[in-house]
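Understanding the architecture of this molecule
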Amino acid sequence: MSRFQDQVVIVTGASRGIGRAIAEAFGREGARVACIATRRENALATAERIAGAIAYGCDVSNESSVQETFAQIESDLGVPQVLVNNAGITRDTLLMRMSLEDWDQVQAVNLRGAFLCSRAVTKSMMKARYGRMVNISSIVGQSGAAGQANYAASKAGVIGLTMALAKELGSRNITVNAVAPGFIETDMTSELSEEMRASVIAKAPIGRLGSGEDIAHGVTFLASREAGYITGQTLTIDGGLIL
Ligand code: NAI
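Residues numbered from 1 in each chain as written. Predicted model: local features only at pLDDT ≥ 70, side-chain atom pairs only at ≥ 80, totals over all residues. Heavy atoms only, no water.

Quick word on the sheet that holds strand β5 (residues 131–136)
Put simply, the rule reads: Here, strands pair whenever DSSP counts at least two bridges between them. Helical segments are the DSSP runs of H or I of at least four residues, strand segments are the runs of E of at least two, and each set is numbered from the N terminus. Helix axes use the C-alpha atoms of the stretch in contact, all axes being lines fitted to C-alpha atoms, and the angles between their N-to-C directions lie in the range 0 to 180 degrees. What makes two residues a contact is simply this: any of their non-hydrogen atoms within 4.5 Å.
On the basis of which strands lie adjacent, the open sheet formed by seven strands has the order β3-β2-β1-β4-β5-β6-β7 and parallel pairing. Only two strands of the sheet have a single neighbouring strand rather than two, namely β3 (54–57) and β7 (234–237). In this sheet, adjacent strand axes meet at a mean angle of 20° when their direction is disregarded. Relative to strand β6 (residues 174–181), β5 is paired through six bridges, and the arrangement is parallel. When the sheet's bridge partners are listed, Ile-136 is paired in β6 with Val-179. Where helix α3 (residues 63–77) meets the sheet, it contacts β1 (8–12), β2 (32–37), β3 and β4 (82–85), and its direction lies at approximately 165° from that of β3. Each of β5, β6 and β7 is contacted by helix α6 (residues 149–169), which is oriented at about 160° to β6, the strand it contacts most.

Below is the structure:
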(Lines give C-alpha, C1' and ligand atoms only; values in the text may rest on other atoms or scores of the structure.)
Protein backbone atom coordinates (compact mmCIF):
# COMPACT_ATOMS: atom_id res chain seq x y z
CA MET A 1 0.00 0.00 0.00
CA SER A 2 1.40 3.40 -0.98
CA ARG A 3 1.88 5.83 1.90
CA PHE A 4 -0.26 8.58 0.36
CA GLN A 5 -2.93 6.55 -1.41
CA ASP A 6 -5.90 8.87 -2.10
CA GLN A 7 -4.52 11.63 0.13
CA VAL A 8 -4.86 15.18 -1.17
CA VAL A 9 -1.45 16.86 -1.27
CA ILE A 10 -0.88 20.52 -2.14
CA VAL A 11 2.57 21.53 -3.39
CA THR A 12 3.35 25.19 -4.08
CA GLY A 13 6.04 26.15 -6.59
CA ALA A 14 5.50 22.83 -8.36
CA SER A 15 6.31 23.93 -11.91
CA ARG A 16 9.99 22.99 -11.75
CA GLY A 17 12.99 22.17 -9.57
CA ILE A 18 12.47 20.93 -6.03
CA GLY A 19 8.69 21.48 -6.11
CA ARG A 20 8.32 19.34 -9.22
CA ALA A 21 10.39 16.54 -7.66
CA ILE A 22 8.24 16.71 -4.50
CA ALA A 23 4.97 16.64 -6.47
CA GLU A 24 6.16 13.67 -8.51
CA ALA A 25 7.27 11.78 -5.38
CA PHE A 26 3.79 12.15 -3.83
CA GLY A 27 2.20 11.20 -7.15
CA ARG A 28 4.25 7.98 -7.28
CA GLU A 29 2.83 7.06 -3.86
CA GLY A 30 -0.79 7.40 -4.87
CA ALA A 31 -1.57 10.99 -3.81
CA ARG A 32 -3.96 13.29 -5.62
CA VAL A 33 -1.63 16.23 -6.09
CA ALA A 34 -2.61 19.89 -6.47
CA CYS A 35 0.32 21.50 -8.30
CA ILE A 36 0.52 25.25 -7.76
CA ALA A 37 2.69 27.70 -9.69
CA THR A 38 2.37 31.41 -10.36
CA ARG A 39 1.08 30.59 -13.85
CA ARG A 40 -1.25 27.66 -14.40
CA GLU A 41 0.39 26.69 -17.72
CA ASN A 42 3.72 26.20 -15.92
CA ALA A 43 2.13 24.01 -13.23
CA LEU A 44 0.48 22.02 -16.03
CA ALA A 45 3.89 20.79 -17.20
CA THR A 46 4.27 19.00 -13.85
CA ALA A 47 0.63 17.93 -13.42
CA GLU A 48 0.68 16.21 -16.81
CA ARG A 49 3.43 13.90 -15.56
CA ILE A 50 1.40 12.74 -12.52
CA ALA A 51 -1.75 10.60 -12.70
CA GLY A 52 -4.75 12.48 -11.31
CA ALA A 53 -2.85 15.70 -10.57
CA ILE A 54 -4.44 19.09 -11.19
CA ALA A 55 -2.62 22.34 -12.02
CA TYR A 56 -3.49 25.68 -10.44
CA GLY A 57 -2.21 29.18 -11.09
CA CYS A 58 -1.85 31.09 -7.84
CA ASP A 59 0.36 33.84 -6.47
CA VAL A 60 1.07 32.60 -2.95
CA SER A 61 1.87 36.12 -1.78
CA ASN A 62 -1.62 37.35 -2.68
CA GLU A 63 -4.32 36.74 -0.05
CA SER A 64 -7.33 36.55 -2.36
CA SER A 65 -5.47 34.43 -4.91
CA VAL A 66 -4.61 31.91 -2.15
CA GLN A 67 -8.14 31.91 -0.72
CA GLU A 68 -9.75 31.35 -4.13
CA THR A 69 -7.28 28.68 -5.22
CA PHE A 70 -7.44 26.69 -1.98
CA ALA A 71 -11.25 26.76 -2.02
CA GLN A 72 -11.13 25.47 -5.60
CA ILE A 73 -8.70 22.68 -4.63
CA GLU A 74 -11.03 21.52 -1.85
CA SER A 75 -13.97 21.50 -4.19
CA ASP A 76 -12.00 19.61 -6.92
CA LEU A 77 -10.06 17.13 -4.78
CA GLY A 78 -11.38 17.28 -1.20
CA VAL A 79 -9.86 18.24 2.15
CA PRO A 80 -6.04 18.26 1.98
CA GLN A 81 -4.02 15.98 4.26
CA VAL A 82 -0.67 17.48 3.25
CA LEU A 83 0.56 21.00 2.41
CA VAL A 84 4.10 21.60 1.17
CA ASN A 85 5.07 25.28 1.20
CA ASN A 86 7.86 25.19 -1.39
CA ALA A 87 7.36 28.31 -3.54
CA GLY A 88 10.31 30.64 -3.11
CA ILE A 89 12.36 33.32 -4.81
CA THR A 90 15.74 35.01 -4.41
CA ARG A 91 16.73 38.63 -5.07
CA ASP A 92 20.40 38.43 -4.12
CA THR A 93 22.51 41.51 -3.63
CA LEU A 94 24.67 43.07 -0.95
CA LEU A 95 22.86 45.01 1.76
CA MET A 96 24.19 48.38 0.56
CA ARG A 97 22.53 47.80 -2.80
CA MET A 98 19.40 46.00 -1.59
CA SER A 99 16.25 47.94 -2.42
CA LEU A 100 13.14 47.91 -0.30
CA GLU A 101 11.46 46.09 -3.16
CA ASP A 102 14.16 43.36 -3.15
CA TRP A 103 13.49 42.92 0.56
CA ASP A 104 9.69 43.02 0.42
CA GLN A 105 9.27 40.74 -2.59
CA VAL A 106 11.32 37.98 -0.99
CA GLN A 107 9.44 38.21 2.32
CA ALA A 108 6.13 38.31 0.47
CA VAL A 109 6.66 35.08 -1.47
CA ASN A 110 8.82 33.07 0.95
CA LEU A 111 7.29 34.01 4.30
CA ARG A 112 3.89 35.63 3.76
CA GLY A 113 3.18 32.91 1.15
CA ALA A 114 3.85 30.14 3.68
CA PHE A 115 1.65 31.93 6.23
CA LEU A 116 -1.25 32.44 3.80
CA CYS A 117 -1.20 28.87 2.48
CA SER A 118 -0.90 27.37 5.97
CA ARG A 119 -3.81 29.47 7.18
CA ALA A 120 -5.87 28.44 4.17
CA VAL A 121 -5.68 24.70 5.03
CA THR A 122 -5.83 24.95 8.82
CA LYS A 123 -9.59 25.01 9.36
CA SER A 124 -10.20 21.87 7.29
CA MET A 125 -7.24 20.03 8.79
CA MET A 126 -8.38 20.95 12.32
CA LYS A 127 -11.86 19.67 11.60
CA ALA A 128 -10.46 16.44 10.17
CA ARG A 129 -8.06 16.18 13.14
CA TYR A 130 -5.27 15.27 10.77
CA GLY A 131 -2.69 17.21 8.82
CA ARG A 132 0.91 17.42 7.76
CA MET A 133 2.59 20.69 6.80
CA VAL A 134 6.14 20.78 5.48
CA ASN A 135 7.81 24.14 4.86
CA ILE A 136 10.86 24.46 2.65
CA SER A 137 13.40 26.64 4.42
CA SER A 138 17.14 26.67 3.58
CA ILE A 139 20.49 26.22 5.28
CA VAL A 140 20.83 29.95 4.60
CA GLY A 141 18.03 30.45 7.17
CA GLN A 142 20.15 28.56 9.71
CA SER A 143 23.58 30.02 8.99
CA GLY A 144 23.12 33.18 6.86
CA ALA A 145 24.87 34.07 3.60
CA ALA A 146 26.47 37.28 2.36
CA GLY A 147 24.34 38.85 -0.36
CA GLN A 148 21.19 37.11 0.87
CA ALA A 149 20.00 39.17 3.85
CA ASN A 150 16.44 39.20 2.50
CA TYR A 151 16.42 35.49 1.67
CA ALA A 152 18.13 34.40 4.92
CA ALA A 153 15.65 36.42 6.99
CA SER A 154 12.70 34.94 5.12
CA LYS A 155 13.99 31.37 5.51
CA ALA A 156 14.77 31.88 9.22
CA GLY A 157 11.23 33.26 9.46
CA VAL A 158 9.91 30.04 7.93
CA ILE A 159 11.59 28.08 10.75
CA GLY A 160 9.95 30.35 13.35
CA LEU A 161 6.57 29.96 11.65
CA THR A 162 7.07 26.19 11.65
CA MET A 163 7.75 26.03 15.41
CA ALA A 164 4.85 28.36 16.27
CA LEU A 165 2.33 26.42 14.17
CA ALA A 166 3.64 23.12 15.55
CA LYS A 167 2.75 24.36 19.04
CA GLU A 168 -0.59 25.78 17.95
CA LEU A 169 -1.84 22.80 15.94
CA GLY A 170 -0.29 19.76 17.60
CA SER A 171 -3.34 19.03 19.78
CA ARG A 172 -5.35 18.57 16.57
CA ASN A 173 -2.94 15.93 15.25
CA ILE A 174 -1.43 18.36 12.74
CA THR A 175 2.36 18.29 12.50
CA VAL A 176 4.38 21.16 11.07
CA ASN A 177 8.01 20.66 10.10
CA ALA A 178 10.60 22.30 7.89
CA VAL A 179 13.21 21.00 5.49
CA ALA A 180 16.39 23.01 5.01
CA PRO A 181 18.03 22.12 1.69
CA GLY A 182 21.67 22.87 0.99
CA PHE A 183 22.86 23.43 -2.57
CA ILE A 184 20.40 21.74 -4.93
CA GLU A 185 20.71 21.70 -8.73
CA THR A 186 17.71 23.68 -10.02
CA ASP A 187 17.01 26.79 -12.11
CA MET A 188 17.41 28.82 -8.92
CA THR A 189 21.05 27.78 -8.58
CA SER A 190 21.91 27.44 -12.29
CA GLU A 191 23.39 30.91 -12.46
CA LEU A 192 25.97 30.30 -9.75
CA SER A 193 29.60 30.18 -10.91
CA GLU A 194 31.58 27.00 -11.55
CA GLU A 195 33.89 28.15 -8.78
CA MET A 196 31.01 28.25 -6.30
CA ARG A 197 29.85 24.77 -7.36
CA ALA A 198 33.35 23.36 -6.99
CA SER A 199 33.66 24.87 -3.52
CA VAL A 200 30.31 23.34 -2.44
CA ILE A 201 31.38 19.93 -3.74
CA ALA A 202 34.71 20.24 -1.93
CA LYS A 203 33.04 21.31 1.35
CA ALA A 204 30.15 18.84 1.53
CA PRO A 205 31.20 15.48 3.02
CA ILE A 206 28.89 13.70 0.57
CA GLY A 207 30.88 15.33 -2.26
CA ARG A 208 28.16 16.32 -4.69
CA LEU A 209 25.35 18.82 -5.18
CA GLY A 210 21.88 17.74 -4.10
CA SER A 211 18.95 16.81 -6.34
CA GLY A 212 15.25 17.56 -6.06
CA GLU A 213 14.74 13.87 -5.24
CA ASP A 214 17.08 14.16 -2.23
CA ILE A 215 14.73 16.81 -0.84
CA ALA A 216 11.55 14.97 -1.84
CA HIS A 217 12.56 11.91 0.21
CA GLY A 218 12.77 14.03 3.37
CA VAL A 219 9.52 15.83 2.63
CA THR A 220 7.52 12.65 2.02
CA PHE A 221 8.90 11.15 5.24
CA LEU A 222 7.81 14.17 7.31
CA ALA A 223 4.42 14.15 5.55
CA SER A 224 3.81 10.46 6.21
CA ARG A 225 1.61 9.01 8.97
CA GLU A 226 4.74 7.34 10.39
CA ALA A 227 6.22 10.77 11.22
CA GLY A 228 3.27 11.63 13.49
CA TYR A 229 5.39 12.21 16.61
CA ILE A 230 7.81 14.62 14.87
CA THR A 231 6.78 18.28 14.90
CA GLY A 232 8.39 21.71 14.94
CA GLN A 233 11.64 20.29 13.58
CA THR A 234 13.92 21.38 10.77
CA LEU A 235 15.46 18.55 8.78
CA THR A 236 18.65 19.72 7.08
CA ILE A 237 19.33 17.95 3.78
CA ASP A 238 22.63 19.31 2.53
CA GLY A 239 25.11 16.46 2.18
CA GLY A 240 26.71 17.71 5.39
CA LEU A 241 27.54 21.14 3.93
CA ILE A 242 26.95 23.17 7.10
CA LEU A 243 28.73 20.80 9.47
P1 NAI B 1 12.86 27.38 -8.61
O2 NAI B 1 13.17 28.82 -8.84
O3 NAI B 1 13.40 26.38 -9.57
O4 NAI B 1 11.29 27.18 -8.47
C5 NAI B 1 10.52 28.02 -7.66
C6 NAI B 1 9.07 27.68 -7.81
O7 NAI B 1 8.32 28.62 -7.03
C8 NAI B 1 8.55 27.79 -9.23
O9 NAI B 1 7.64 26.72 -9.46
C10 NAI B 1 7.79 29.12 -9.25
O11 NAI B 1 6.71 29.13 -10.16
C12 NAI B 1 7.28 29.16 -7.83
N13 NAI B 1 6.93 30.51 -7.38
C14 NAI B 1 7.73 31.60 -7.31
N15 NAI B 1 7.02 32.66 -6.88
C16 NAI B 1 5.75 32.23 -6.67
C17 NAI B 1 4.55 32.85 -6.24
N18 NAI B 1 4.51 34.15 -5.92
N19 NAI B 1 3.43 32.09 -6.15
C20 NAI B 1 3.45 30.78 -6.48
N21 NAI B 1 4.55 30.12 -6.90
C22 NAI B 1 5.69 30.85 -6.99
O23 NAI B 1 13.36 27.08 -7.13
P24 NAI B 1 13.91 25.73 -6.44
O25 NAI B 1 15.40 25.78 -6.48
O26 NAI B 1 13.20 24.55 -6.93
O27 NAI B 1 13.52 26.04 -4.91
C28 NAI B 1 12.31 25.59 -4.33
C29 NAI B 1 12.34 25.98 -2.86
O30 NAI B 1 13.51 25.45 -2.23
C31 NAI B 1 12.37 27.48 -2.63
O32 NAI B 1 11.61 27.81 -1.49
C33 NAI B 1 13.84 27.74 -2.36
O34 NAI B 1 14.04 28.91 -1.62
C35 NAI B 1 14.22 26.48 -1.61
N36 NAI B 1 15.65 26.18 -1.60
C37 NAI B 1 16.33 25.92 -2.78
C38 NAI B 1 17.68 25.62 -2.75
C39 NAI B 1 18.44 25.30 -3.99
O40 NAI B 1 19.67 25.08 -3.87
N41 NAI B 1 17.85 25.23 -5.17
C42 NAI B 1 18.41 25.59 -1.49
C43 NAI B 1 17.61 25.87 -0.33
C44 NAI B 1 16.28 26.15 -0.40
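There is more to say after this.
Focus: the pairing of β4
Rules: Exposure classes here rest on a 1.4 Å probe applied to the protein chains alone. A residue is buried below 20% of its type maximum, exposed above 50%, and partly exposed in between.
With burial as the criterion, each face of β4 is covered, one bearing Val-82 and Val-84 and the other bearing Leu-83 and Asn-85. Direction of pairing for β1 relative to β4: parallel, over a ladder of three bridges. Across the sheet, residue Val-11 finds its bridge partner in β4, namely Val-84. Of the strand pairs in this sheet, β4 and β5 are connected by four bridges, and their pairing is parallel.

What to know about the packing of α3 against helix α4 (residues 100–128)
As a reminder, the rule being used: Crossings are classed by handedness, with left-handed meaning an anticlockwise turn of the near helix from the far one by less than a right angle and right-handed meaning a clockwise turn. Gly is placed with the polar residues, together with every amino acid not listed as nonpolar (Ala, Val, Leu, Ile, Met, Phe, Trp, Tyr, Cys and Pro) or charged (Asp, Glu, Lys and Arg).
One can describe the packing of α3 onto α4 by two numbers: an axis separation of 9 Å at closest approach and a directional angle of 40°. Relative to α4, α3 is oriented so that their crossing is right-handed. In this structure, α3 contributes Glu-63, Val-66, Gln-67, Phe-70 and Glu-74 to the contact, and α4 contributes Leu-116, Cys-117, Arg-119, Ala-120, Val-121 and Ser-124. Looking at the contact of α3 with α4, its residues break down into six nonpolar, two polar and three charged.

Overview of the pairing of β1
The line we're drawing: Here is how to tell: hold the view so the strands point away, follow the path from the first strand over the helix to the second, and if it runs clockwise the crossover is right-handed.
When you tally the buried positions in β1, you get five out of five residues, the bulk of the element. Burial along β1 is two-sided: Val-8, Ile-10 and Thr-12 and Val-9 and Val-11, pointing in opposite directions, are all buried. One ladder, built from five bridges, connects β1 with β2; its direction is parallel. Of the residues in β2, the one forming a bridge with Val-8 is Arg-32. The β-α-β motif built from β1, the intervening helix α1 (residues 17–28) and the parallel element β2 has right-handed crossover chirality.

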